[in-house]
Amino acid sequence: MENPIIRPMLGPHQLAGLLKRHDILPTRQRLVIARVLFNRIQHFSADQVMHYLNNGRDHVSKATVYNTLGLFARKGLVREVIVDPTRVFYDPNTSNHHHFYNVDTGELRDIEASELAIESLPELPAGTVADGVDVIIRLRNAAQEH
């Protein structure tokens, strides 16, 4: 897991306001999940969210974590980053950006949109418009020469 950059802690009222601005009812479970996601600059899988919650004083069921993360993604509060069919991360950074994914370590890191130039897109199917472009560059650790 990547090293988190700790943000200034958002209090319960700030987190509740954030949820309300995204038309999400701020229940106790949603607030504790939001606290994990928004008080660090880090990508989390659902299992990592559960680990943080269930190793502390807050205990939330697996179903509640998955349902809440899905709700947060549908409401635009987080981005789902699907690195492979079995690995989904939830990214509290919803700005336009891309990712490096290290398949050896499981680390997901941001790439600023300005660091990656996409010159053109293929012709889109009739009756559609582009909604966004997500690029994930998969990496492996280089072999160490001795």
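The notes below deal with the structure included here.

Calculation rules
- Residues numbered from 1 in each chain as written.
- Predicted model: local features only at pLDDT ≥ 70, side-chain atom pairs only at ≥ 80, totals over all residues.
- Heavy atoms only, no water.
- Pairing = 2+ DSSP bridges.
- Helix = DSSP H or I, 4+ residues; strand = E, 2+ residues; numbered from the N terminus.
- Phe/Tyr/Trp six-rings, centres within 6.5 Å; stacked < 30°, edge-to-face > 60°.
- Buried < 20%, exposed > 50% of the residue type's maximum accessible area, 1.4 Å probe, protein only.

Regarding the sheet that holds strand β3 (residues 44-45)
- In spatial order, the strands read β3-β5-β4; together these 3 strands make up an open sheet with antiparallel pairing. Of all strands in the sheet, those with a lone pairing partner are β3 and β4 (79-84), marking the two edges.
- The pairing of β3 with strand β5 (residues 87-91) spans 2 bridges and is classified as antiparallel. Across the sheet, the residue bridging to Phe44 is Tyr90, located in β5.

Focus: the packing of aromatic side chains
- Taken as a whole and assessed by the stated rule, the structure comprises 2 aromatic pairs.
- On the basis of an interplanar angle of 90° and a centroid distance of 5.3 Å, the ring pair of Phe44 and Tyr52 is categorised as edge-to-face.
- For Tyr52, a relative accessible area of 28% corresponds to the partly exposed category.

Things to note about the pairing of strand β6 (residues 97-102)
- Of all 6 residues that make up β6, 5 are buried, and the element is covered over most of its length.
- Sheet topology places β6 next to strand β7 (residues 108-112); 5 bridges connect them, and they run antiparallel. Looking at β7, one finds that His97 is bridged to Glu112.
- What sits between β6 and β7 in their antiparallel hairpin is a turn of 5 residues, with Gly106 showing a positive phi close to 80°.
- In this sheet, strand β8 (residues 136-139) lies alongside β6 in parallel orientation, the contact comprising 4 bridges. The residue of β8 that forms the bridge with Tyr101 is Arg138.

Nothing here speaks to function; it is all geometry.
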